[in-house]
Amino acid sequence: MLDLLEALDDQQRVVATTFDGPLCVLAGAGTGKTRSITHRIAYGVQTEQYQPDQILALTFTQKAAAEMAHRVRDLGVDGVAARTFHSAALRQLQHFWPIVTGGYLPDIMPSKAGLVARALEGLKIQVDQAVLRDLAGDIEWRKVHAYSLEDYARHRLAKGDTMPGLLSVEVLIDIHERYEKLKDEAKRIDFDDVLLAALGMLESEKRVLDQVRAQYRYFLVDEYQDVSPVQQRLLDMWLGDREDIVVVGDASQTIYSFAGASSEHLVGFASRHPRAIVVKLEKNYRSGGHIVAIANQIMAGRPGALLLEATTADAIPVVRHRAATDESEATFVASTIGELAKKGTSLDDCAVLMRFGAQSLALETALRQQGISFRVQGAKAFFDEPHVQRAVMEIRGAAVAGIGGELQGVVDDILYGIGLTDTEPDHQGAERGRYEDLMALRDLARKAAATMTLMEFSDMLVRRLETGDSPSVGAVTLSTVHSAKGQEWPVVFLVGLAEGQFPISYAKSTSAVDEERRLFYVGVTRARERLALSYAETARERGQTREASRFLREISSV
């Protein structure tokens, strides 16, 4: 018989062998939470505490679910359902919908955008593509909280940030209502409706609820800090009054509050389940001692924060770098990676993490100049964004037409003509992303040589657009911190650590800054061996001076 406990440390072994009530595992970054939960499943089956086909293991991405299922199979256990919340809910809808309604489950729309556009057209409201995407996100926000339209109005006003497109909450309600009406007329549902429909079916159909609860008796939820209100309600319905549940999470890694996630479910688990046993995993097996020390400083004294303990003896000191400009910061990153590569470090082992995607532009330029391959992860490459492509084409058109004038002035006129404003959006979303991308193009024109013509600038942009950012063998990863969640690299550069960039300028409230702090923590804890923290004092020469991020200033030398 395979000794499933041999490879576990003491606390991981507690996770794997405790079966007499609810279990809450507070697992810090790099502490082996996936190992613990998969070994628990295998040990539970081996000791007949679990039946494989009665286990529902839940996580938040298809990749994570596939990895969990693979690890469990490697431990000799087949038949365990490892799924995302949406996947589990959809399977139940597909099975029970025809039984309950006598018809087929409506098709799921691939995107809200088309129907939102039709709703706006019907209401005679004109907005650009960025606002349209933010309106789709606003509908998603309402649904992940399971708000009625009346509740939505109250909570949306209390949220306090700027409404998409500066529309009033009354107009937003009209858009939501019109969207739902059009969706019903088309006999379709959206991605968020999957959870709401499953929840409604379980709440209203006792025979369905009984069958689902008979199917699944044991629940394990990974990344529990990311659970939204509607996901928690669905989990409560699946579980009922039983207590065969294990939740695993880290309050310090709650970085999706904008999508409805709340660490309150994790932090308050023991209060809701008085018989719960709470286990802390704090031995970090990923990062060097200096990196772990910084991670601890970042979250010290914060609700739910864990005190990580490094297990790696030899640690490379964390590098801090202050650059004069964004361009020189990017040059520092590229040249350092180049030197590491000469000494044998694989480019695949290097990642450059940033707060928002537009920050990759200077980095892409510097890496190309050094001849270093890279891949852009988790989002469209900069030059694949539609508004960037439009700007490039309009600049090209102006160059071909022989438009005269100073390069910076001509580019500014074009960018302002397609939506750049002097006022930066004070909220996260597509509007903010477009603003940052167009500002990056504006800065690129300002950094151009004084002798560069509009045609030469256009040629440069077109070459870069046509080159694209296709991944190649041996490539540095460029990623936002959000997209880097759940991954790790031996070498990590965390860049743009200036006030207004990290934390982002629209993070005004205490809760918003706290989320930025957690995001910084996630970025730091992606590093295994080497970590560099950097910022630029200005965007360009003689530009407005920036101050180092408060997060960077709070860290003492380690």
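Residues numbered from 1 in each chain as written. Predicted model: local features only at pLDDT ≥ 70, side-chain atom pairs only at ≥ 80, totals over all residues. Heavy atoms only, no water.

1. Examining the overall build of the protein chain
No. 1: When helices and strands are counted, the protein chain shows 23 helices and 16 strands.
No. 2: Relative to a compact globule of 558 residues, whose C-alpha radius of gyration would be 24 Å, the protein chain shows 25 Å and is just as compact.
No. 3: Projected onto its principal axes, the C-alpha coordinates of the protein chain cover approximately 75 × 65 × 40 Å.
No. 4: Across the 558 residues in the protein chain, those meeting the buried criterion constitute 53%.
No. 5: Long-range contacts, defined as pairs at least 24 residues apart, comprise 79% of the intrachain contacts of the protein chain with a sequence gap of at least 6.
No. 6: Counting only carbon and sulfur atoms, one obtains 49% of the accessible surface of the protein chain, whose full area is about 24,800 Å².
No. 7: Where the 64 positive side-chain charges of the protein chain centre and where its 77 negative ones centre are 1 Å apart. (Helix = DSSP H or I, 4+ residues; strand = E, 2+ residues; numbered from the N terminus. Rg over C-alpha atoms; globule rule 2.2 N^0.38 Å. Buried < 20%, exposed > 50% of the residue type's maximum accessible area, 1.4 Å probe, protein only. Contact = heavy atoms within 4.5 Å. Areas by Shrake-Rupley, 256 points an atom, 1.4 Å probe, with all protein chains shown as cover. Lys, Arg positive; Asp, Glu negative; His and termini not counted. Charge placed at Lys NZ, Arg CZ, Asp CG, Glu CD.)

2. Digging into the side chain of Thr480
No. 1: Inspection of the secondary structure puts Thr480 in strand E14 (residues 476-480).
No. 2: Given a relative accessible area of 15%, Thr480 falls into the buried group.

3. Thoughts on the packing of helix H17 (residues 386-400) against helix H19 (residues 430-447)
No. 1: The geometry of H17 relative to H19 is characterised by a closest axis approach of 9 Å and an angle of 30° between their N-to-C directions. The handedness of the crossing between H17 and H19 comes out as right-handed. Between H17, through His387, Val388 and Ala391, and H19, the contact on the second element is made entirely by Gly433, Arg434, Asp437, Leu438 and Leu441. (Axes fitted to C-alpha atoms, helices over the stretch in contact; angles between N-to-C directions. Left-handed = near helix turned anticlockwise from the far one by under 90°.)

4. Some thoughts on the sheet that holds strand E16 (residues 527-538)
No. 1: Reading across the sheet, the six strands line up as E11-E16-E15-E12-E14-E13 and stay open at both edges, with parallel pairing between neighbours. Edge positions in the open sheet fall to strand E11 (319-325) and strand E13 (374-377), since each of these has one partner strand only. Taking the axes of each pair of neighbouring strands and ignoring which way they run, one obtains an average angle of 25° across the sheet.
No. 2: Pairing analysis gives five bridges linking strand E15 (residues 489-494) to E16, with the strands arranged parallel. Opposite Val491, over in E16, you have Arg530 as the bridge partner.
No. 3: Its contacts with the sheet place helix H15 (residues 326-342) against E11, strand E12 (350-354), E14, E15 and E16, and it is angled at close to 135° to E11.
No. 4: Where helix H16 (residues 360-369) meets the sheet, its contacts fall on E12, E13 and E14, and the angle it forms with E13 comes to roughly 165°. (Pairing = 2+ DSSP bridges.)

5. Some remarks on the pairing of strand E1 (residues 23-27)
No. 1: When you tally the buried positions in E1, you get five out of five residues, the bulk of the element.
No. 2: Here E1 shows two buried faces, one formed by Leu23, Val25 and Ala27 and the other by Cys24 and Leu26.
No. 3: Where E1 meets strand E7 (residues 245-249), four bridges bridge the pair, whose relative direction is parallel. Bridge pairing in E7 places Cys24 opposite Val247.

6. A few points about the domain arrangement of the protein chain
No. 1: Considered domain by domain, the protein chain is made up of domain 1 (1-90 + 195-279), domain 2 (112-188), domain 3 (317-380 + 473-554) and domain 4 (383-466).
No. 2: Each of domain 2 and domain 4 has a C-alpha centre, and the two are 30 Å apart.
No. 3: Counting residues at the interface gives nine residues for domain 2, matched by seven residues for domain 4.
No. 4: Here domain 2 and domain 4 share an interface that buries about 650 Å² over both sides, 43% of which is from carbon and sulfur atoms.
No. 5: The largest contributions to the domain 2 side of the interface with domain 4 come from Arg133, Asp134 and Thr162, which together make up 57% of the buried area.
No. 6: For the interface between domain 2 and domain 4, the tally reads one salt bridge.
No. 7: Arg434 is paired through a salt bridge with Asp128; the nearest N and O atoms lie 2.5 Å apart.
No. 8: Here domain 2 is connected to domain 4 by one residue pair in polar contact (both at pLDDT 80 or more).
No. 9: In terms of residue class, the side of domain 2 that touches domain 4 is made up of three nonpolar, two polar and four charged. (Domains from an automatic or database assignment. Buried area = accessible area lost by both parts, 1.4 Å probe. Salt bridge = Lys/Arg side-chain N within 4 Å of Asp/Glu carboxyl O. Polar contact = N/O pair within 3.5 Å; in protein donor to acceptor, adjacent residues only side chain to side chain. Nonpolar A, V, L, I, M, F, W, Y, C, P; charged D, E, K, R; others polar.)

7. As for unusual backbone geometry
No. 1: The omega angle of the peptide bond from Phe502 to Pro503 is 10°, so this bond is cis rather than trans.
No. 2: Tracing the backbone shows Pro503 in the loop between E15 and helix H22 (510-524).
No. 3: Phi at Glu48 is positive, roughly 65°, even though this residue is not glycine.
No. 4: You can see Glu48 is positioned in the loop between helix H2 (33-46) and strand E2 (55-59).
No. 5: Despite not being glycine, Lys124 has its phi angle at roughly 60°, a positive value.
No. 6: When you line up the elements, Lys124 lands in the loop between helix H5 (113-122) and helix H6 (129-144).

8. Section: the packing of aromatic side chains
Both the distance between ring centres and the angle between the ring planes are used here to describe each pair of aromatic rings.
No. 1: Taken as a whole and assessed by the stated rule, the structure comprises 13 aromatic pairs.
No. 2: Seen in terms of ring centroids, Phe85 and Trp238 are 6.1 Å apart; in terms of plane orientation they differ by 15°. Their pairing is stacked. Taken as a pair, Phe85 in helix H4 (residues 85-101) and Trp238 in helix H11 (residues 229-239) lie far apart in primary sequence, 153 residues in all. Residue Phe85 shares its accessibility class with Trp238, and that shared class is buried.
No. 3: Here Trp141 and Tyr152 contribute two aromatic rings whose centre-to-centre distance is 6.2 Å and whose plane-to-plane angle is 65°, an arrangement assigned as edge-to-face. With Trp141 in helix H6 and Tyr152 in helix H7 (residues 149-159), this pair connects stretches of sequence that are 11 residues apart. Tyr152 shares its class with Trp141; the two are buried.
No. 4: Taken together, Phe19, Tyr43, Tyr50 and Tyr218 form an aromatic cluster joined through their ring pairs.
No. 5: When the ring centre of Phe19 is taken as reference, the NZ or CZ atom of Arg40 above it lies at 4.3 Å. (Phe/Tyr/Trp six-rings, centres within 6.5 Å; stacked < 30°, edge-to-face > 60°. Lys NZ or Arg CZ within 6 Å of the ring centre and 35° of its normal.)

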